[in-house]
Amino acid sequence: MARNQRFDVLFEPVRIGPVTAPNRFYQVPHASGMTNALPHVRARFRGMKAEGGWGVVCTGAISMHPSSDDSPLPFGILWDDKDIAAHALMTEEVHRHGALAGIELWHGGACTLNRTSRLAPLSPSGMPWLSTHIGFMGNLRPRGMDATDIRELVRWQAAGARRAMQAGFDIIYVYAGMGYLPYEFLLPEYNQRSDAYGGSIENRVRLVREMLDATREAVGHKCAVALRISLEELRGKPGRNAPSEAHEVIALLAEAADLFDVKMDSSPTDCAPSRFAPEGSHEPIVDFVKSVTKKPVVGVGRFTSPDVMVSQVKRGILDLIGGARPSIADPFLPKKIDEGREHEIRECIGCNICISSWHDGVPVRCTQNPTAGEEWRRDWHPEVFAPPASDSTILVVGGGPAGLDCAVTLARRGYQVTLADAAKEFGGRLRFERRLPGLAAWGRVVDWRLSQLRERTNVSLYLGSELSADEVLGLEHRHVVIATGARWTRMQFATIEFPVGEFAGPGIYTPDDIAAGRVPEGPVVVFDFDNYYLAGVLAEQLVRQGLAVTYVTTAGNASAWTFMTNELPLVHRALAKAGVPIVTLRRVAAFDGECATLADVYSGAELRVACRSLVVVGMRKPNDALYRALVARPQDLESAAIASVTRIGDCFAPGAIVHAVHSGQRFAREFEQPASAAPYTRDYPV
Ligand code: ADP
Ligand code: SF4
């Protein structure tokens, strides 16, 4: 198919200093969880985006010196010449597809706690970057830098740039964002120096300028010099002769960089979850940059719509369309637009599971793209599939995230697939969850897969088909996949860790009851020991239904695990706005239809809260009755010529949607393929 002409502007080349980006699709630096210990995993992950049409593909943060040590969080390093080869693997992959490779040289300053190097963290004035989350707390405070330290830092940047050039990078970053060292110099709260690097805005900018100049001197004849800068705080500070200090900083550096990569300041705003921020949410902060510098500007905003991208360019907000999450969710986004297949883009849902992988210290995972991080170690290509090994037919029972992904992947391989679901709509848990406050974009998990399935002739879809074991036996498919999901239980826990039977009696609800349309009588206590998003979202939903709600959790925060997805502060804000009291570190020890007894998880001290209903969001159990009924009848399976029955997704092991999708993908990828002893290939340092 031909490209739609209204998107032509996105395919114009853009000059960046001495190099030229082949188009406007720019994968900005983003964390991948892939350290120098996983160089092949990293190279293929980045290279896949170049293959998918991204004109520029960057690394994540690459530490320039052992004093920038984020362990146990994953980060790349370029500390000496021995590290060059690991990065050259990536630039080779990226160049092979005609894209430019960029590297984000990084010094974390007081944000890094140097747990491995044990060097005192560096900072402009010894001010710590304090965190309220235990994983980011440290008890070694940073030291203030003296003039020698500043000279050293500039030298590390230049040395890093030279090594990066040797590794084949085309664009070399100075990174002054997100609380990291050069950014701390920009803010008067952190920079309380009285020398040439503190005080006036000209002085606070001096370090960044010196780093840019040193980079240019080292590599500027060959490589572009990029500045990545966070502008949210600075935009809030009135300037002397300009609307804000952000304007002044960009004006002072307008000629110093070949490219400005501009963004917000903190994880929850920079990488905002779709639950709380729409596409293009950076625009109010970065919209002025092009009016102050003539150099190209790149910015992000979870852009997945080509019309929105064109509008960013045509309205003069951005020259290059930055993508981190959209490039993970669909590495082939640019190619699909180029080939007039924009309706096939697998749009990022903004769930931030990808960020959680970084917090977990593991290679990136993605809800929408189960091949992310698996390109090298499992040899999964997002758009290329092993052909079918036989003419086997496959029945997939259950059209939730797992069944949908399994069916679409088997169909893309070329198998004849039947997908059946008991409900009137496909989507499984997402039928309900996508209608909850803030979760509409999550429905893209269902929509993309369904539209792919509907396009294919080798797929039969059946709704309203609750299948029994006898019916499955009668359907004459060679293989059966059971993706019947899981259900929420009323399980009660004696302490945080010990299960002790179930809540019983009237007025007790699970999320499945609410999904089925039952409306609890108020006031309601929502008791959360699942600790991901659902209980918080349900509390918001019940308030919208006019009920008084109290949220209770055994954890220290509401929706505690959403710290991992950058959502936690926004969840607290949303519950406060909805008037929901948050009770932490308590479990519901008893509920009698009038009152819930809340016990402190440590001391056991009790507190009583009047309520008519209790919604328990705790444990899930597989809906595996159909699976068990089938495997209990081996002879009938044989007579029906059914060669295998396999459970996937929540029916196998309940988990977040990302795990269900991955499980469906894995079955479909490995189906009738030679089995290997190891689940994946282990990477090795070079
Ligand atoms: P997962 O996350 O693993 O995909 P879900 O709970 O989201 O699981 O989806 C499971 C789907 O399976 C639901 O849409 C449900 O209607 C369907 N289902 C459950 N039991 C049957 C059955 N016996 N026959 C057909 N569909 C079923
Ligand atoms: Fe987007 Fe979620 Fe995938 Fe991250 S994990 S890229 S937010 S779909």
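Relevant structure appears above.
Every value quoted in this text rests on a predicted model; they were computed, and no experiment measured them.

K.L.:
I'd like to hear about the sheet that holds strand β14 (residues 393-397), residue by residue, with values.
P.N.:
If you trace the 5 strands from one edge of the open sheet to the other, you get β16-β15-β14-β17-β30, paired in parallel fashion. Both outer strands of the open sheet, β16 (459-462) and β30 (644-647), are each paired with one neighbouring strand and no more. When the angles between neighbouring strand axes are averaged without regard to direction, this sheet yields 15°. Relative to β30, strand β17 (residues 479-482) runs parallel, the two sharing 4 bridges. Of the residues in β30, the one forming a bridge with His 479 is Ser 644.

K.L.:
Which residues make up the nonpolar core, and what values go with them?
P.N.:
Grouped together as the largest cluster of nonpolar side chains are 80 residues, with contacts concentrated most on Leu 10, Ile 172, Leu 212, Leu 227, Leu 231, Leu 253 and Phe 260. Other than its neighbours up to four places away in sequence, Leu 231 contacts Ala 246, Ile 250, Val 262, Lys 263, Asp 265, Ile 285, Phe 288 and Val 289. If you look at the next biggest cluster of nonpolar residues, it comprises 59 residues, including Val 526, Val 537, Leu 542 and Val 615.

K.L.:
Break down helix α15 (residues 401-413) for me, citing the residues and quoting the values.
P.N.:
Taking 1.5 Å of rise per residue, the 13 residues of α15 would be expected to cover 18 Å, and the 18 Å separating its terminal C-alpha atoms lies within 8% of that figure. Across the 13 residues that make up α15, a large majority, 13, are buried. Immediately downstream of α15, the backbone of Gly 414 shows phi near 115°, a positive value.

K.L.:
Tell me about the state of the cysteines, and please be specific about residues and values.
P.N.:
Applying the stated criterion across every chain, the model contains 0 disulfides. Cys 58 provides the cysteine sulfur closest to Cys 223, a residue in no disulfide bond, and the two sulfurs are 12 Å apart. Residue classification places Cys 223 among the buried positions, given a relative accessible area of 1%.

K.L.:
Could you give me a rundown of the site of ligand 2, with the residues and numbers involved?
P.N.:
The local shell around ligand 2 holds 14 residues, among which Cys 348, Cys 351, Asn 352, Cys 354 and Cys 366 are the closest. Judged by the proximity of its atoms to the pocket grid, ligand 2 belongs to the largest cavity. Elements with a contribution of two residues or more to the shell around ligand 2: α12 (325-329) and α14 (353-360). For the shell around ligand 2, the element with the most residues is α12, which contributes 3 residues. Partitioned by chemical class, the residues of the shell around ligand 2 number 8 nonpolar, 4 polar and 2 charged.

K.L.:
Requested: an account of helix α20 (residues 534-544), with residues and values cited.
P.N.:
In terms of residue burial, α20 counts as a mostly covered element, since 9 of its 11 residues are buried. Leu 534, Ala 535, Gly 536, Val 537, Leu 538, Ala 539, Glu 540, Gln 541 and Leu 542 are the residues of α20 that are buried. Looking one or two residues past α20, Gly 546 carries a phi angle of roughly 90°, positive in sign.

K.L.:
Give me the lowdown on the site of ligand 1, citing residues and values where you can.
P.N.:
In the vicinity of ligand 1 lie 22 residues, with Ala 402, Asp 421, Arg 429, Arg 431 and Asp 650 positioned nearest. The contact in question runs from an oxygen atom of ligand 1 to an N or O atom on the backbone of Ala 402, over 2.8 Å. Arg 431 places a polar side-chain atom, nitrogen or oxygen, 3.0 Å from an oxygen atom of ligand 1. Notes on ligand 1: free accessible area 590 Å², of which the protein chains cover 89%. With respect to the detected pockets, ligand 1 is housed in the second largest pocket. Among the elements of the structure, α15 and α16 (429-433) are those that each provide at least two residues to the shell around ligand 1. Partitioning the shell around ligand 1 into residue classes produces 9 nonpolar, 8 polar and 5 charged.

K.L.:
Outline the environment of Leu 113, listing residues and values.
P.N.:
Mapping Leu 113 onto the fold places it in the loop between β6 (100-106) and β7 (122-123). Residues Leu 113 and Asp 70, spaced 43 residues apart in sequence, show a C-alpha to C-alpha distance of 6.3 Å. With sequence-adjacent residues up to four places away left out, Leu 113 is seen in contact with Asp 69, Pro 121, Phe 136, Met 137 and Gly 138.

K.L.:
I'd love a proper account of empty space enclosed by the protein, names of residues and values included.
P.N.:
Here the structure, examined in full by the defined rule, presents 3 cavities of 30 Å³ or more. Each pocket or cavity is described by its volume, and for the largest cavity that value is around 80 Å³. Arg 325, Ile 328, Ala 329, Cys 348, Ile 349, Gly 350, Cys 351, Asn 352, Cys 354, Cys 366, Thr 367 and Gln 368 are the residues that line the largest cavity. With 3 residues, the single largest contributor to the lining of the largest cavity is α12. Lining the second largest cavity are 13 residues, with Arg 346, Thr 409, Arg 412, Trp 448 and Gln 665 positioned closest to its centre. For the lining of the second largest cavity, the element with the most residues is α15, which contributes 4 residues. When the residues that make up the lining of the second largest cavity are grouped by side-chain class, the tally is 5 nonpolar, 4 polar and 4 charged.

K.L.:
Can you break down the layout of surface pockets residue by residue, with the values?
P.N.:
Of the volumes computed, that of the second largest pocket is approximately 850 Å³. Taken together, 39 residues make up the lining of the second largest pocket; nearest its centre are Arg 431, Thr 484, Gly 485, Ala 486 and Asn 623. Elements with a contribution of two residues or more to the lining of the second largest pocket: α15, α16, β18 (486-488), α19 (511-515) and α22 (625-631). Take the lining of the second largest pocket: its biggest share by element is 4 residues, from α16.

K.L.:
Help me get a handle on the sheet that holds strand β27 (residues 606-610), residues and values and all.
P.N.:
Spatial ordering of the open sheet is given by β25-β26-β27, a layout of 3 strands whose pairing is antiparallel. Edge strands, defined here as strands with exactly one partner in the open sheet, are β25 (586-591) and β27. Averaged over neighbouring strand pairs, the angle between their axes works out to 30° when direction is ignored. By the bridge criterion, 5 bridges tie β25 to strand β26 (residues 595-600) in an arrangement that is antiparallel. The partner of Phe 591 across the bridge, within β26, is Ala 596.

How each quantity is defined
- Residues numbered from 1 in each chain as written.
- Chains lettered and ligands numbered in written order.
- Predicted model: local features only at pLDDT ≥ 70, side-chain atom pairs only at ≥ 80, totals over all residues.
- Heavy atoms only, no water.
- Pairing = 2+ DSSP bridges.
- Helix = DSSP H or I, 4+ residues; strand = E, 2+ residues; numbered from the N terminus.
- Axes fitted to C-alpha atoms, helices over the stretch in contact; angles between N-to-C directions.
- Core = buried A, V, L, I, M, F, W, Y, C linked by side-chain atoms within 4.5 Å.
- Buried < 20%, exposed > 50% of the residue type's maximum accessible area, 1.4 Å probe, protein only.
- Contact = heavy atoms within 4.5 Å.
- Expected span 1.5 Å × (residues − 1).
- Disulfide = S-S within 2.5 Å.
- Near = heavy atom within 4 Å.
- 1 Å grid on protein atoms, 1.4 Å probe; cavity = no way out; pocket = protein on both sides within 12 Å on 5 of 7 lines; lining within 4 Å.
- Sits in = over half its atoms within 2 Å of the grid points.
- Nonpolar A, V, L, I, M, F, W, Y, C, P; charged D, E, K, R; others polar.
- Polar contact = N/O pair within 3.5 Å; in protein donor to acceptor, adjacent residues only side chain to side chain.
- Areas by Shrake-Rupley, 256 points an atom, 1.4 Å probe, with all protein chains shown as cover.
- Points joined across faces, edges and corners; volume = space filled by probe spheres on them.

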